[in-house]
Amino acid sequence: MTRGGFPFPVDIYYQTDDKLEGVYHRGQNKIWDGKKVLSSALKKYGLPQIDAEKQIAVEALFSIILWGEYAAWNVSSQLSSMLDDYGAKMAAVSQAHDEARHFYVMRDYLQTLGHHPRPLPAPVQYILESVLETPDLARKLLGMQLMIEPVALTIFRFVKKSNVDPVLTELLGYFEIDESRHVALGVKYLPKILKRMSKFEMMNFLLWQARMIRAEIQGLKYMEPYLITLGMDPLEVFEFTEQRQIECLKMVTLEMGLGDSLWAPIVKLIDFQKHLMFRSNPKASFLRRFGNSFISTFLTSYTTEPHS
Ligand SMILES: [Fe+2]
Ligand SMILES: [Fe+2]
């Protein structure tokens, strides 16, 4: 099912996943011209005039987004070659087309700020490389569609809300519409692979996910000062991301006809890391913070509801 090559999968020629084929058609119907959208926003609002401190924050966050878009473009291209189901293949290639547009639009926008490309922070580099380099289809789908995409969508939403620059706000509206289509490939296709996994494979898969979550939280911690500069509450951003990811994982288990117990340890892990990174007193020793986070996570009742 996941050869991506010869012989052609004639058996599924007509039994392709209609919902995923629909992602391709919706992408085609809602396509937008990045060059035109950026130039008309610049004409409408003029060149970005951002306060110096905020501009540093915008550049720091969106240089990460830029390379995230580049990675998403490459990963979705890999997926379009690896997948055999025609509908899934069409969804992946449509995503690759969107991500290429996101990359050049973000690059051109950053250029208007006089931005020069910069290296990625280590945890973000770890995440993007792990997803790019893994030959495993399940890890690629989980990593890109259900872990990286929700983070990008959250950042877009919060930066849009902060309206630091009307040009950026306008662009992000277009990005959001495209990105919201991309989650479907993971939700629809991942369950097919998970159902065929042995217990051992599943355990390794969940361990890989746990390492990714750890790096993702470190990445969000790196962004913390920039989020604050742009008037956001880092914990609110974190919790919004967390909710989005958990909703995606729940959709996967629903598609598999299972309860949420598969992800329960992962949800606990996210909660634990959150306490450690965002809620504990940064002046306390690491051991004390670790202990407090452990107690508040594992010795309190299990919940996946949003924290108020
Ligand atoms: Fe994108
Ligand atoms: Fe995307």
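Residues numbered from 1 in each chain as written. Chains lettered and ligands numbered in written order. Predicted model: local features only at pLDDT ≥ 70, side-chain atom pairs only at ≥ 80, totals over all residues.

On to the overall build of the protein. Of the regular secondary structure elements, the protein holds 11 helices and 0 strands. Overall, the protein shows an N-to-C arrangement of helices and strands of α-α-α-α-α-α-α-α-α-α-α. Of the contacts formed within the protein by residues at least 6 apart in sequence, a portion of 82% connects residues at least 24 apart. (Helix = DSSP H or I, 4+ residues; strand = E, 2+ residues; numbered from the N terminus. Contact = placed C-beta atoms within 7 Å.)

To continue, consider helix α9 (residues 234-256). It helps to recall that an α-helix has 3.6 residues per turn; residues three or four apart then point in one direction. The end-to-end C-alpha separation of α9 is 33 Å, in line with the 33 Å expected for 23 residues at 1.5 Å each. Among all positions in α9, only Val 237, Phe 238, Thr 241, Glu 242, Gln 245, Cys 248, Leu 249 and Val 252 are buried. (Expected span 1.5 Å × (residues − 1). Buried ≥ 20, exposed ≤ 12 C-beta atoms within 10 Å, placed from the backbone.)

In this section: the packing of helix α3 (residues 52-82) against helix α6 (residues 137-162). The interhelical angle for the contact between α3 and α6, taken along N-to-C directions, is 150 degrees, at an axis separation of 11 Å. Relative to α6, α3 is oriented roughly antiparallel. Where α3 crosses over α6, the handedness of that crossing is left-handed. Residue-level inspection shows Leu 61, Ile 65, Gly 68, Ala 72, Val 75, Gln 78, Leu 79 and Met 82 of α3 in contact with α6, the latter providing Leu 137, Lys 140, Met 144, Ile 148, Ala 152 and Ile 155. Partitioned by chemical class, the residues of the contact of α3 with α6 number 11 nonpolar, 2 polar and 1 charged. (Axes fitted to C-alpha atoms, helices over the stretch in contact; angles between N-to-C directions. Parallel < 35°, antiparallel > 145°, perpendicular 65-115°, else oblique. Left-handed = near helix turned anticlockwise from the far one by under 90°. Nonpolar A, V, L, I, M, F, W, Y, C, P; charged D, E, K, R; others polar.)

Right, let's get into the nonpolar core. Of all hydrophobic cores here, the largest spans 73 residues; its most connected members are Ala 91, Leu 171 and Leu 185. No other element matches α6, which puts 14 residues into this core. What Leu 171 contacts, discounting residues up to four positions off in sequence, is Val 37, Leu 38, Ala 41, Val 105 and Tyr 109. (Core = buried A, V, L, I, M, F, W, Y, C linked by C-beta atoms within 7 Å.)

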